[in-house]
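What the coordinates show
Here is what each chain is made of, one letter per residue.
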Amino acid sequence: MENYKPVRFSETVLTELMIPAYANFGGKIHGGTLLSLMDKVAYVCAAKHAGNYCVTASIDTVNFLAPVEVGELVSLMASINYVGNTSVVVGIRVISENVKTNAVKHTNTCYFTMVAKDDNNLPVQVPGLILENREQVRRFIEAKSRIDIRRQYRKDLNDVNIPEKDEQCRLLLVGERCQIVENEFSSTS
């Protein structure tokens, strides 16, 4: 019988104080700092579910909804939203809390696809997922839909053809915010 684990088995929360060293030039917490924390919590959640080392395969739809301030507590809540054969999709919700005012805001949402690896660094099958409520079912279906959309997007992008004639290229760029350097453009045609 195949191994299955409930979503709650690997749910993970990581909380960290945002310090001045994390700030960007605008005085807000740098997006890269938040991405690094998201990657950490995604790894922990995925590794707990898989029972193996996991690597980040892709990051889908990182939404920065509100800035994070120095001095706030940031909590990253991760759960397995979807399982494939050797991969899992980890949904992450990020909130920040002002410890003085107790104001809480939803700052980020994102989805990490993580691939489980064995001791030889080869992909290994992950346990199936037990869905225990309607919210978990919704998340699973949405994650599957995002995967299908991403596959179709890659196919559509691969099917894009750049016209061979200069005039056709110019027509495609009418109204766009670009300029063609004539001597370079014509020499490549």
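Preceding this section is the structure that the text describes.
Let me begin by describing the structure that accompanies this report.

Checked against the element boundaries, threonine 107 lands in strand E6 (residues 104-117). Exposure remark for threonine 107: the relative accessible area of 0% places this residue in the buried category. Residues threonine 107 and leucine 129 lie 22 residues apart in sequence; the distance between their C-alpha atoms is 27 Å. Setting aside anything within four residues of it in sequence, one finds threonine 107 in contact with Asn63, Phe64, Leu65, Ala66, Pro67, Val68, Val94, Ile95 and Ser96.

On to empty space enclosed by the protein, then. This model, assessed by the stated rule, comprises one cavity of 30 Å³ or more. Estimated volume of the largest cavity: approximately 50 Å³. Residue lining of the largest cavity: Asp60, Val89, Tyr111, Phe112, Thr113, Ala143, Arg146, Ile147 and Arg150, and that is the complete set. Every element with two or more residues in the lining of the largest cavity is listed here: E6 and helix H3 (134-158). If you tally residues by element for the lining of the largest cavity, the top one is H3, at four residues. Looking at the lining of the largest cavity residue by residue, the classes come out as five nonpolar, one polar and three charged.

Calculation rules
- Residues numbered from 1 in each chain as written.
- Predicted model: local features only at pLDDT ≥ 70, side-chain atom pairs only at ≥ 80, totals over all residues.
- Heavy atoms only, no water.
- Helix = DSSP H or I, 4+ residues; strand = E, 2+ residues; numbered from the N terminus.
- Buried < 20%, exposed > 50% of the residue type's maximum accessible area, 1.4 Å probe, protein only.
- Contact = heavy atoms within 4.5 Å.
- 1 Å grid on protein atoms, 1.4 Å probe; cavity = no way out; pocket = protein on both sides within 12 Å on 5 of 7 lines; lining within 4 Å.
- Points joined across faces, edges and corners; volume = space filled by probe spheres on them.
- Nonpolar A, V, L, I, M, F, W, Y, C, P; charged D, E, K, R; others polar.

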